[in-house]
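One letter stands for each residue in the lines below.
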Amino acid sequence: MTERRDDAIAALIETVDATAIEALTCALIAEPSVNPGGTEASTAAVLADACRAAEFAVDVVEAAPGRPNLVAATPNAGTGPGLMFLGHSDVVPAGPGWSADPFVPRRDGDLIIGRGASDMKGGIAAVVAAMTALSRAGDFGLAPSGPVQLVVTVDEEEHGTGVRHLVENPNLYRRSSPRGRSSGVETYAGCIVAEPTRMEVVRGCRGASYFEIEVTGRAAHSGRPSDGVSAIDAAARVIDVIRADQDRLAAEPDPLLGFGTWNVGTIQGGQGISVVAPSCSLGVDRRLMPGEDVHEIRDRLLADIHAAGIIVDGIDVEVTPTMFLPGFATDDDHPLVSAASRAALDAPVGGWTAACDGGFISTSLGIPTVVLGPGDINTQAHQPDESVGLSELVFAAQSYVRAAMDLLTDS
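Residues numbered from 1 in each chain as written. Predicted model: local features only at pLDDT ≥ 70, side-chain atom pairs only at ≥ 80, totals over all residues. Heavy atoms only, no water.

Focus: the overall build of the chain
What counts is decided by this rule: Secondary structure elements are taken from DSSP: a helix is a run of H or I of four residues or more, a strand is a run of E of two residues or more, and numbering for both begins at the N terminus. The atom set for the radius of gyration is the C-alpha atoms, and the globule formula is 2.2 Å times the number of residues raised to the power 0.38. In this scheme, a residue with accessible area under 20% of its type's maximum is buried, one over 50% is exposed, and one in between is partly exposed, where area comes from a 1.4 Å probe on protein chains only. Working rule for contacts: check all heavy atoms of both residues, and any pair within 4.5 Å makes them a contact.
Along the chain, the regular secondary structure elements total ten helices and 18 strands. Against the globule reference of 22 Å for 411 residues, the chain gives a C-alpha radius of gyration of 24 Å, in line with a compact fold. In the chain, buried positions account for 51% of the 411 residues. Here the analysis covers contacts within the chain between residues at least 6 apart in sequence; of these, 79% occur between residues at least 24 apart.

Given below as structure tokens:
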């Protein structure tokens, strides 16, 4: 029986359509969903049309005005826990250095080139192809015990508007069972995020957070600087405090994810060269380990700033978190991790220093999560002439079919 089932799954995998993957990847790239800008709607429309053509159940839910999340589910599935695939429709700005129009997809041998090819419109197209194959499972005598669902969110590259709406309103993202009943997004055996990992299994990611640090001083004429208190000088000392905390974090690395990191990304301050600076602002990135809380990090930073004697008469410091994306880690021995690795032909398992929407799926919805997708986050995503190999997209789709059939056992 096992051998017969394996043969049926192998035959199902052979139905993955490379031509359809290429066509959908190119159609998605051709819709510039650049973030910031809130322009994901046209990409979501193209994706919705493709999913409806495949006879998926499709819902479009506005996470914010003009910014639609998309949910698509395979038909004729069982009523047990399902498998979620997660993606995002937005891309980063093209930037300089492209050899041709970044939103006119083109081929170079096996490569599909265009903004979003790797991060992550190619991965989304691979999921749609996998779901299309899985919807035919009955033709091969296979009966998945639960549905397969694709969730595509907006605003992943900036503030996570889409995934926040999802986890705050789970009842809006429901899929119907064959018998007309509904189940919320929390009833899933696992979630696979199709971000570019070179088809290696990522079982844990660091999170991300942004802080705005406002330093207020007292202006004075630069001829008598002692009459004022420089916010720029105080901000420089705040940076020293951040640097010291970075050294503390680096001294206790986690075997999977390393350690949390600080980066002072922007600084603005001063009124004029001849004026003691009355204000200075820092924009700071803090990468998070699983379980870290941004409010606790803010409180500790403020305590360290006080302890360093920076806040004196004439100086005030405010620290405000402006963005938070949680980190997560799925146990190495979880069935989702082993199934994903087997599905990608014994792919290695590790961690990721990048952050993704999967952190919310894991921590807020309690769905075990891994990241597994075509392309390379470091050498292809966010680069000029971003690309992904069609052969890798096909392998990804085939791997997703294997993972679904492994996790959603026959009823």
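As for the sheet that holds strand β14 (residues 316-325)
To keep things clear, this is the line we draw: By definition, two strands form a pair when at least two bridges between them are found by DSSP. For helices, the fitted axis covers only the stretch in contact; all axes are lines through C-alpha atoms, and the angles between them, taken along N-to-C directions, range from 0 to 180 degrees.
Spatially, the four strands line up as an open sheet ordered β12-β13-β11-β14, and their pairing is antiparallel. Each edge of the open sheet is held by one strand with a lone partner, namely β12 (262-269) and β14. Strand-to-strand twist in this sheet, taken as the mean axis angle between neighbours without regard to direction, amounts to 15°. Sheet topology places β12 next to strand β13 (residues 279-288); seven bridges connect them, and they run antiparallel. The residue of β13 that forms the bridge with Ile 267 is Leu 282. Relative to the sheet, helix α7 (residues 294-307) contacts β11 (207-216), β12, β13 and β14, its axis offset from that of β14 by approximately 160°.

Considering the pattern of salt bridges
Think of it this way: side chains of opposite charge can pair up when their charged atoms draw near. This is how it is decided: When a carboxyl oxygen of Asp or Glu is within 4 Å of a side-chain nitrogen of Lys or Arg, the pair counts as a salt bridge.
Applying the stated criterion across every chain, the model contains 17 salt bridges. For the salt bridge of Glu 40 with Arg 67, the shortest nitrogen-to-oxygen distance reads 2.7 Å. Taken as a pair, Glu 40 in the loop between α2 (18-29) and α3 (41-53) and Arg 67 in strand β2 (residues 67-73) lie far apart in primary sequence, 27 residues in all. Residue Glu 40 shares its accessibility class with Arg 67, and that shared class is buried. Close ionic contact of Arg 115 with Glu 386 constitutes a salt bridge, the shortest N to O distance being 2.6 Å. Of this pair, Arg 115 sits in the loop between β5 (111-113) and α4 (117-134) while Glu 386 sits in the loop between β17 (369-371) and β18 (387-389), and the two are 271 residues apart along the sequence. Judged on exposure class, the residue Arg 115 and its partner Glu 386 are both buried.

Side note on the confidence of the model for the chain
Applicable threshold: The quantity called pLDDT is the predictor's confidence in a given residue, expressed from 0 to 100.
Within the chain, residue pLDDT values average 94, and 96% of them lie at 70 or more. In this model, residues 176-186 is a region of pLDDT below 50 whose contacts with residues beyond four sequence positions or in other chains number 26 contacts.

Some words on helix α6 (residues 231-250)
Cut-off, in case you're wondering: The length a helix should cover is 1.5 Å for every residue beyond the first. Comment: arc refers to directions from the helix axis out to C-beta atoms. Definition of a polar contact: a pair of N or O atoms within 3.5 Å, with one able to donate and the other able to accept a hydrogen when the atoms are protein atoms, and with sequence-neighbouring residues admitted only if both atoms are side-chain atoms.
For α6, built from 20 residues, the straight-helix expectation of 28 Å at 1.5 Å per residue is met to within 8% by its first-to-last C-alpha distance of 29 Å. If you check which residues of α6 are buried, you get Ala 231, Ala 234, Ala 235, Val 238, Val 241, Ile 242, Asp 245, Gln 246 and Leu 249. Buried residues in α6, looked at end-on, bunch into an arc of 145°, giving them a common side. Counted as exposed and oriented over 90 degrees from the buried face of α6: Asp 233 and Asp 247. Of the surrounding elements, those touching the buried residues of α6 are β11, β12, β13 and α7. Structurally, the start of α6 carries an N-cap: the backbone nitrogen of Ile 232 is 3.2 Å from a side-chain oxygen of Ser 230.

Quick notes on helix α9 (residues 358-365)
Along α9, six of the eight residues are buried, which leaves the element largely enclosed by surrounding structure. Taken together, the buried positions of α9 are Gly 358, Gly 359, Phe 360, Ile 361, Ser 362 and Leu 365. For α9, the secondary structure elements touched by its buried residues are β3 (82-88), α5 (161-168), β9 (188-193), β14, β15 (328-329) and β17. Taken from the residues just after α9, Gly 366 is the one with a positive phi, measuring 70°.

Regarding the pairing of β11
In the sheet, β11 pairs with β13 via ten bridges, with the strands oriented antiparallel. The partner of Thr 216 across the bridge, within β13, is Ser 279. Relative to β14, β11 runs antiparallel, the two sharing nine bridges. In the sheet register, Val 215 faces β14, and the bridge partner there is Val 317.

Describing the layout of surface pockets
Selection criterion: Only protein atoms enter the 1 Å grid, on which a cavity is a set of points fitting a 1.4 Å probe that cannot get out and a pocket is an open set with protein on both sides within 12 Å along at least 5 of 7 lines, lining residues being those with an atom within 4 Å of a point. Grid points are joined across faces, edges and corners, and a volume is the space filled by probe spheres set on the points. Polar here means any residue outside two lists: the nonpolar Ala, Val, Leu, Ile, Met, Phe, Trp, Tyr, Cys and Pro, and the charged Asp, Glu, Lys and Arg; Gly therefore counts as polar.
Roughly 430 Å³ of internal volume is contained in the largest pocket. Taken together, 23 residues line the largest pocket, and the ones lying closest to its centre are Glu 156, Glu 157, Arg 287, Ala 355 and His 382. Going through the elements one at a time, β11 and β14 are the ones with two or more residues in the lining of the largest pocket. Tallying contributions element by element places β14 first for the lining of the largest pocket, with three residues. Within this model, the second largest pocket holds a volume of roughly 220 Å³. Going through the elements one at a time, α2, α3 and α4 are the ones with two or more residues in the lining of the second largest pocket. Here the lining of the second largest pocket is composed, by residue class, of eleven nonpolar, two polar and two charged.

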